[in-house]
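Okay, here's what each chain looks like letter by letter:
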Amino acid sequence: MSIDLGIVESSILPLLKGLKVTAQVCVLGIPLGIVLGTIAAYFRASSWRVLRTSALVYVEIVRNVPFLILVYLSFFGLPKIGVAMPAFAIGVAATAFYTGGYFCEILRAAFGSLAHGQVQAARSLGLTGLQVQRHVVLPQIFGYLAPATTSLAIMMFKDSSIFSVMSLTELTYQSNLLTADTFAYVEVLGTTALIYWLCSVLLDIAGQWSERYATRYRRA
Amino acid sequence: MQVWRYIVFPQLFYRSIPPLTNEFTMLLKASSLMSIIAVHDLATVARDATLQTNLPLQVFSATAVVYFAILFLASSASRGLERRVAKVLPNVH
C-alpha cells in the first residue's frame, strides 16, 4: 500500500486546530493540578487527621480509577446533579484533578529525598520557617521535581486524547473526524501520532533544560 | 549459579515488587481504553449500561468503585508481599 501525502497535507491544518485545544486544556489544567497537588501534599503532612485522610483518599482515587471512567463520570454524571459544564471546562478540571493526585505523591517523595537534619540545622541557624523553605528546601527539591513533573506533564498531555470521547474538539477528536471523512487511517493517525510525539519531545527537552537550571548549584 | 540464586535474585525480586505493582496499576487503568475500539471490557459494559438505564452517575460510580477495589487490593497485596519477603529474607534491603 502507498501513503497518500495529499491527505497528510490536507489534514495538518485541522489537526493543528485540534492541537490548539489540547494545548489550552493542558496549559490551564496542569498548572492548576500542580497547585492542587501542593495543597494536597500539605494536607497529607498536616497534623489534622481529617485533612490527612481526605488527601490520602484523593490520591488513592486518582491512582486507582482510570482517567476514562473519571471523564465519563464527570461528563455524563455531573449534569444529572445539576452541574452542567462545557466539555472544555470538564477537560481542564479532569486534567487538574488527575495531575494534582500524582503531583502530591511526587512532592511527598521530593520532601522525603531531603535529609531530615537539614531543616533542623537551618532552623537552629536562626532561619525562620519561610526562610528555610525558600533557601534550603525549595532549591534542593526543584532538581528532584523537574524530571518527575516533566514525565507527569507528558503523561497528562497524552492522556488528554481521552477527551475525544466527550466530543471536545482536541487533537484526537479532529483526527477521528478526518478518518471518518477519508478512511485514510494510516495517514491521519500517523500524522496525529507524529504531532503528539513532537510535542512530547519538546516538553521533554524543556524539562531537561529546567532540571539543569534547577541543579546548577550542584556544579557551582 | 549460586550467586544468582542466593544473592542476586532475592534482591532483584524484592526491589521489583513496587515498580511492577505500579506498572500493573497503570496497565489495568489503560485497559479501560480498549472500550474505544469496542473490546467488551468493564468500561464498555458501563457505557452500554448507562445508555440503557440513563443513570450515568450511579453506573460510572459503581465502575469506578470496581476498578478502585481491584487496584487497591492489588497494591495492598503487593505491600504485604514486600513485608513478607523482607521478613523471610532479612538481607534484601
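Residue indices begin from 1 for each chain and proceed along its sequence in written order. Chains carry letters from A onward and ligands carry numbers from 1 onward, assigned in written order. Note on the predicted model: pLDDT of at least 70 is required for a residue's local features to be given, and 80 or more for side-chain atom pairs to be given and counted; whole-chain, interface and lining totals, by contrast, use all residues.

### Topic: the overall build of chain B
Here is step 1 of the chain: The helix and strand inventory of chain B stands at three helices and zero strands.
Here is step 2 of the chain: Going along the chain from the N terminus, every DSSP run of H or I of four or more residues is numbered as a helix, and every run of E of two or more is numbered as a strand. Starting at the N terminus and ending at the C terminus, chain B contains elements arranged as α-α-α.
Here is step 3 of the chain: Each radius of gyration is computed over the set of C-alpha atoms, and the globule rule expresses the reference value as 2.2 Å times the number of residues to the power 0.38. The C-alpha atoms of chain B give a radius of gyration of 19 Å, which is well past the 12 Å a tight globule of 93 residues would have.
Here is step 4 of the chain: Its C-alpha atoms give chain B principal-axis dimensions of about 60 × 25 × 10 Å.
Here is step 5 of the chain: Between the buried cut of 20 or more and the exposed cut of 12 or fewer other C-beta atoms within 10 Å of a residue's own C-beta lies the partly exposed class, and all C-beta atoms are placed from the backbone. By residue count, 13% of the 93 residues in chain B fall in the buried class.

### Some points on the overall build of chain A
Here is step 1 of the chain: For chain A, the count of helices and strands is nine helices and zero strands.
Here is step 2 of the chain: For chain A, the N- to C-terminal ordering of α and β elements is α-α-α-α-α-α-α-α-α.
Here is step 3 of the chain: Considering only C-alpha atoms, chain A reaches an extent of 70 × 50 × 25 Å along its principal axes.
Here is step 4 of the chain: Every one of the 220 residues in chain A was classed for burial, and the buried ones make up 36%.

### Focus: the environment of Gln120 of chain A
Here is step 1 of the chain: Turning to its location among the elements, Gln120 of chain A is positioned in helix 5 (residues 116–124).
Here is step 2 of the chain: Look at Gln120 of chain A and you get exposed, because 11 C-beta atoms sit within 10 Å.

### Topic: helix 3 (residues 56–88) of chain B
Since the α-helix advances by 3.6 residues per turn, residues separated by three or four positions end up pointing in the same direction.
Here is step 1 of the chain: The terminal C-alpha atoms of helix 3 of chain B, which comprises 33 residues, lie 47 Å apart, in line with the 48 Å expected from a rise of 1.5 Å per residue.
Here is step 2 of the chain: In this description, a residue-residue contact is defined by the distance between C-beta atoms placed from the backbone, which must lie within 7 Å. Packing partners of the buried residues in helix 3 of chain B comprise helix 2 (49–64) and helix 3 (67–77) of chain A together with helix 1 (2–31) and helix 2 (42–53) of chain B. In a helix, the anticipated span is given by 1.5 Å times the number of residues less one.

### Some words on the interface of chain A and chain B
Here is step 1 of the chain: Contacts between the two partners involve 16 residues from chain A, matched on the other side by 18 residues from chain B.
Here is step 2 of the chain: Listed by contribution, the elements that provide at least two residues to the side of chain A that touches chain B are helix 2 and helix 3 of chain A.
Here is step 3 of the chain: Per element, the largest residue contribution to the side of chain A that touches chain B is seven residues, and it comes from helix 3 of chain A.
Here is step 4 of the chain: Think of it as three bins: nonpolar holds Ala, Val, Leu, Ile, Met, Phe, Trp, Tyr, Cys and Pro, charged holds Asp, Glu, Lys and Arg, and polar takes everything else, Gly as well. In terms of residue class, the side of chain A that touches chain B is made up of 11 nonpolar, two polar and three charged.

### What about the packing of helix 3 of chain A against helix 3 of chain B?
Here is step 1 of the chain: Running from N to C, helix 3 of chain A and helix 3 of chain B cross one another at 165 degrees; their axes reach a closest spacing of 9 Å. Classified by the angle between their axes, helix 3 of chain A and helix 3 of chain B sit roughly antiparallel to one another. The hand of the helix 3 of chain A/helix 3 of chain B crossing is left-handed. Here helix 3 of chain A contributes Ile69, Tyr72, Leu73, Phe76 and Gly77 of chain A to the contact with helix 3 of chain B, which in turn contributes Pro56, Leu57, Phe60, Ser61, Thr63, Ala64 and Tyr67 of chain B. Angles shown run from 0 to 180 degrees and are taken between the N-to-C directions of axes, each axis being a line fitted to C-alpha atoms and, for helices, limited to the stretch in contact. With respect to orientation, any angle under 35 degrees is reported as roughly parallel, any angle over 145 as roughly antiparallel, any angle of 65 to 115 as roughly perpendicular, and every other angle as oblique. The hand of a helix crossing depends on one turn: near helix anticlockwise from the far one by less than a right angle means left-handed, and clockwise means right-handed.

### Considerations on the confidence of the model for chain A
Here is step 1 of the chain: Summary of the metric used: pLDDT quantifies the predictor's per-residue confidence within the range 0 to 100. The predicted model of chain A has a mean per-residue pLDDT of 92, with 100% of residues at 70 or higher.
Here is step 2 of the chain: When pLDDT is averaged over each helix and strand of chain A, the minimum, 83, is found for helix 9 (residues 216–219) of chain A and the maximum, 96, for helix 2 of chain A.

### Topic: the packing of helix 1 (residues 5–44) of chain A against helix 4 (residues 87–113) of chain A
Residues and elements named next belong to chain A.
Here is step 1 of the chain: Relative orientation of the contacting elements helix 1 and helix 4 amounts to 40 degrees, with a least axis distance of 6 Å. Classified by the angle between their axes, helix 1 and helix 4 sit oblique to one another. With respect to the hand of their crossing, helix 1 and helix 4 are arranged in right-handed fashion.
Here is step 2 of the chain: A breakdown of the residues in the contact of helix 1 with helix 4 according to their chemical character gives 16 nonpolar, nine polar and two charged.

### Considerations on helix 2 of chain B
Here is step 1 of the chain: Taking 1.5 Å per residue, 12 residues should reach 16 Å; helix 2 of chain B reaches 16 Å between its end C-alpha atoms and fits that length.
Here is step 2 of the chain: Where helix 2 of chain B is buried, its residues meet helix 3 of chain A together with helix 3 of chain B.
Here is step 3 of the chain: Immediately downstream of helix 2 of chain B, the backbone of Asn54 of chain B shows phi near 60 degrees, a positive value.

### A look at the confidence of the model for chain B
Residues and elements named next belong to chain B.
Here is step 1 of the chain: Mean pLDDT over chain B works out to 90, with 97% of the residues at or above the 70 mark.
Here is step 2 of the chain: Averaged pLDDT values over the elements of chain B bottom out at 90 in helix 1 and peak at 93 in helix 3.
Here is step 3 of the chain: Confidence estimates for the predicted assembly give a pTM of 0.88 and an ipTM of 0.86.

### Here we look at the nonpolar core
Here is step 1 of the chain: Core membership is restricted to buried Ala, Val, Leu, Ile, Met, Phe, Trp, Tyr and Cys residues, and these are joined into a nonpolar core through C-beta atoms within 7 Å. Core analysis: the biggest nonpolar cluster contains 53 residues, and Ile69 and Val71 of chain A have the highest contact counts within it.
Here is step 2 of the chain: At the level of elements, helix 1, helix 2, helix 3, helix 4 and helix 6 (129–159) of chain A together with helix 2 and helix 3 of chain B are the ones that each hand at least two residues to this core.
Here is step 3 of the chain: By residue number, the principal contributor to this core is helix 4 of chain A, which donates 13 residues.
Here is step 4 of the chain: Non-local contacts of Val71 of chain A, meaning those with residues more than four positions away in its chain, are made with Ala94, Ile162, Phe163, Val165 and Met166 of chain A.

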